[in-house]
Amino acid sequence: MKKTFLCAVVTLLSLASTAKTPAEISIIPRPQSVEVLKGQFKIIGATVNCDQSFDTQSQKAASIFTNQLTIATGRTSTFACNPGIADAAASGKIKGIVFLKDNSLAAEEYSIEANSKTVTIKASEFHGVLYAIQTIKQLLPAEIYSKTSNENIDWVMPCVVIKDKPRFAYRGMHLDVSRHFFDVVEVKKFLDIMATFKMNKLHWHLSDDQGWRIEIKKYPLLTEIGSVRTGTCIGKDFKSDDGIPYGGFYTQEEAKEIIKYADNLGITVIPEIDLPGHMLAALAAYPQYGCTGGPYEVWHRWGISNQVLCPGKEITFGFLQDILGEIADLFPSEYIHIGGDECPKTEWENCPECQALIAKLGLKDTEKATAEQYLQNYVTNRMQKFLETKGKKIIGWDEILEGDLDEGATVMSWRGVKGGIEASKRGFDVIMTPNTYFYFDYYQTKDKDKAPLAIGGYLPLEKVYEYEPSDGIDPESFKHVTGCQANLWTEYITSNEHLEYMLLPRMFALTEIQWCNPADKNYDRFKADVANHEFKVLDILGYSYCKEILGDPSLNK
Ligand code: ACM
Ligand code: ZN
């Protein structure tokens, strides 16, 4: 008995004094440089000190982190925000966790130096502070994410030196709330998990054929009529109809709440109003802006509708400018997404007003594009110019490249990578969202019968991880690639659990592409981190996720 006890003590002591190796550290996305030193920092009860020269948002983030420490460890950590901390820290007078402002670091950059007495975090601004906190949380036991106290945990973190900054400035995730609606609570949960993994843009797809989801004060029917469809096709049988009214929208107050919530997590919300196609929900409310005048109905099925906005009627531009004007006033984002994808031209070809405008503008078919395509360029350019008067820039899907495109637009490459390759060569900024790697509405398992319904395709975790955004792009053009994003279209996603399952863990692979240099990526290390650490974090935080890498593709709730 005595001998067993002695063995246990020796084992514990040797465990305690053994430094983790960099390979044993589970941080996703992997920091650019991790050095693991001997020893550990005991975080339970640690005091948190914050340099008073940080802005209030940074101070608040450090204070929230202190509260999380208190809650998860069950022992009070105190928070202090004082001037002169840098001097005190330099002379070794401060113990515990110290946030220091270091203006030599770039925006989003941070460093962490932890020895057994002090954890020193340096950043020049709020995002760097946030990312340092996320990294520290990943150095701690997964229970740090818990909302209840965990007293039987060894609350230590390894002594480390971490220097880190992201590869790309734009690290986005798209969410379609038109095909199925997700309420404010779920959108906040979506933002929470994005922030935990250092993402910084939510592309919010707010309008489409199947539902208009944002209040526009000047056009109340957009939400009164446009946000509700009277039925939905069942599964992939487009001839069927469940006959059940389905709807939902965000008031402008709710949108503001989400924008503010996201901002405190370091995330910018980029709204999308998809035009001139994917507008059937708007036309159901205001048929006068369509080529045929209707009647129109909010769509019950998925796909691409031929019924689109009529640019031949000048009043359509007033309608669009009123909508985009309210959107520009509501969203502080520098970028507004104006869609531009999948706009069939059959109605324009047959519409006397569209054809009259084509003639007036002198648009002609060329080798590059049809006259109707140039008409779409005209719509895009007018919206771009209008938004510029509001201090905004546009993003559009890669169809906006067809024909002509004005300088200053950003292109989202979704039909594979070719749009991104072409746009960057032509000097446009590019965000890579290729469906071949980043469409999270695809299946993530070969055994589709065991998985919840998806749109099709096959995009397992490993394939997402493989993607390299510079492939096929010359170094000069690659300077225009500002980042990457995955898209989550929700035709077949009817519940919060299903939404999270499609997102996770593939979003983790996305974050390593967004954040890490290619040399720091390693699928075996990443997969082990996901299986051993991140799944535990997701369990504690209460997210659904796909356990395909553990051999279970089902949606277990
Ligand atoms: C798209 O997937 N239609 C952009
Ligand atoms: Zn028309």
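Located above this text is the structure these notes cover.
Being a predicted model, the structure only gives us computed values, none of them experimental. (Residues numbered from 1 in each chain as written. Chains lettered and ligands numbered in written order. Predicted model: local features only at pLDDT ≥ 70, side-chain atom pairs only at ≥ 80, totals over all residues. Heavy atoms only, no water.)

1. Focus on the coordination of the zinc ion (ligand 2)
Four donors placed tetrahedrally about a metal ideally form angles of 109.5 degrees, and six donors placed octahedrally ideally form angles of 90 or 180 degrees. Every protein donor of the zinc ion (ligand 2) is listed here as Cys291 (SG), Cys310 (SG), Cys351 (SG) and Cys354 (SG), and their distances to the metal cover 2.3 to 2.4 Å. Coordination at the zinc ion (ligand 2) is tetrahedral, judged from the 4 donor atoms that bind it and the angles of 107 to 111 degrees they form at the metal. (Donors = N, O, S within 2.8 Å, 3.2 Å for Na, K, Ca; no water. Tetrahedral: all angles 85-135°; square planar, octahedral: opposite > 155°, others 65-115°.)

2. Here we look at the packing of helix H11 (residues 352-361) against helix H12 (residues 371-389)
At a minimum axis separation of 10 Å, H11 and H12 run at an interaxial angle of 85 degrees. With respect to H12, the axis of H11 lies roughly perpendicular. Note on element contacts: H12 touches H11 through Ala371, Glu372, Leu375 and Tyr378, opposite Cys354, Gln355, Leu357, Ile358 and Leu361. Classifying every residue of the contact of H11 with H12 by side-chain character gives 7 nonpolar, 1 polar and 1 charged. (Axes fitted to C-alpha atoms, helices over the stretch in contact; angles between N-to-C directions. Helix = DSSP H or I, 4+ residues; strand = E, 2+ residues; numbered from the N terminus. Parallel < 35°, antiparallel > 145°, perpendicular 65-115°, else oblique. Contact = heavy atoms within 4.5 Å. Nonpolar A, V, L, I, M, F, W, Y, C, P; charged D, E, K, R; others polar.)

3. Some remarks on the nonpolar core
Counting residues in hydrophobic clusters, the biggest one holds 117 residues, and the most contacted among them are Met173, Trp204 and Met507. Per-element accounting of this core gives the leading share, 8 residues, to helix H9 (residues 314-330). Apart from the residues lying within four places of it in its own chain, the contact partners of Trp204 are Leu175, Val177, Val187, Tyr250, Ala255, Ile258, Val269, Ile270, Pro271, Glu272 and Phe331. Counting residues in hydrophobic clusters, the runner-up holds 43 residues, among them Phe54, Ala114, Tyr131 and Tyr145. (Core = buried A, V, L, I, M, F, W, Y, C linked by side-chain atoms within 4.5 Å. Buried < 20%, exposed > 50% of the residue type's maximum accessible area, 1.4 Å probe, protein only.)

4. A few points about empty space enclosed by the protein
If you walk through the whole model with that rule in mind, you get 1 cavity of 30 Å³ or more. Its volume calculated, the largest cavity comes out at about 30 Å³. Taken together, Asp441, Ala454, Ile455, Trp489, Glu491, Tyr492, Ile493 and Met502 form the lining of the largest cavity. Looking at the lining of the largest cavity residue by residue, the classes come out as 6 nonpolar, no polar and 2 charged. (1 Å grid on protein atoms, 1.4 Å probe; cavity = no way out; pocket = protein on both sides within 12 Å on 5 of 7 lines; lining within 4 Å. Points joined across faces, edges and corners; volume = space filled by probe spheres on them.)

5. Quick notes on the side chain of Ser58
With respect to the helices and strands, the residue Ser58 is situated in helix H2 (residues 56-73). A distance of 2.9 Å separates polar atoms of two side chains, one belonging to Ser58 and the other to Asp55. What Ser58 contacts, discounting residues up to four positions off in sequence, is Glu125, Phe126 and Val129. (Polar contact = N/O pair within 3.5 Å; in protein donor to acceptor, adjacent residues only side chain to side chain.)

6. Things to note about helix H5 (residues 184-196)
Between its terminal C-alpha atoms H5 stretches 18 Å, which fits the 18 Å expected from 13 residues at 1.5 Å a residue. Of all 13 residues in H5, 10 are buried, a share of seventy percent or more. Of all the residues in H5, the buried ones are Val184, Glu186, Val187, Lys188, Phe190, Leu191, Ile193, Met194, Ala195 and Thr196. Lys198 sits one or two residues past H5 and shows a positive phi near 65 degrees. (Expected span 1.5 Å × (residues − 1).)

7. Details of the sheet that holds strand S3 (residues 79-82)
Reading across from one edge, S1-S7-S5-S6-S4-S2-S3 is the order of the 7 strands in this open sheet, with mixed pairing throughout. Each end of this open sheet is capped by a strand with a single partner; those strands are strand S1 (33-42) and S3. In this sheet, neighbouring strand axes are inclined to one another by 20 degrees on average, regardless of whether the strands run parallel or antiparallel. Two elements, S1 and strand S7 (residues 156-164), share 7 bridges in a ladder whose sense is antiparallel. (Pairing = 2+ DSSP bridges.)

8. Description of the packing of H5 against helix H17 (residues 496-503)
The interhelical angle for the contact between H5 and H17, taken along N-to-C directions, is 20 degrees, at an axis separation of 11 Å. Between H5 and H17, the angle falls in the class roughly parallel. Remark: the crossing between H5 and H17 carries right-handed chirality. Of H17, the residues touching H5 (which contributes Glu186, Lys189, Phe190 and Ile193) are Asn496, Leu499, Glu500 and Leu503. Class assignment for the residues of the contact of H5 with H17 results in 4 nonpolar, 1 polar and 3 charged. (Left-handed = near helix turned anticlockwise from the far one by under 90°.)

9. Details of the pattern of salt bridges
Any two side chains of opposite charge can pair, so long as their charged atoms come close to each other. Considering all chains together, one arrives at 24 salt bridges under this definition. Lys189 serves as the salt-bridge partner of Glu500, at 3.0 Å between the closest nitrogen and oxygen. With a gap of 311 residues between them, Glu500 in helix H17 and Lys189 in helix H5 connect regions that are remote in the sequence. A salt bridge links Glu512 to Arg525, with the shortest nitrogen-to-oxygen separation between them at 3.0 Å. Of this pair, Glu512 sits in helix H18 (residues 506-515) while Arg525 sits in helix H19 (residues 523-541), and the two are 13 residues apart along the sequence. For Glu512, a relative accessible area of 0% gives the class buried. Given a relative accessible area of 13%, Arg525 falls into the buried group. (Salt bridge = Lys/Arg side-chain N within 4 Å of Asp/Glu carboxyl O.)

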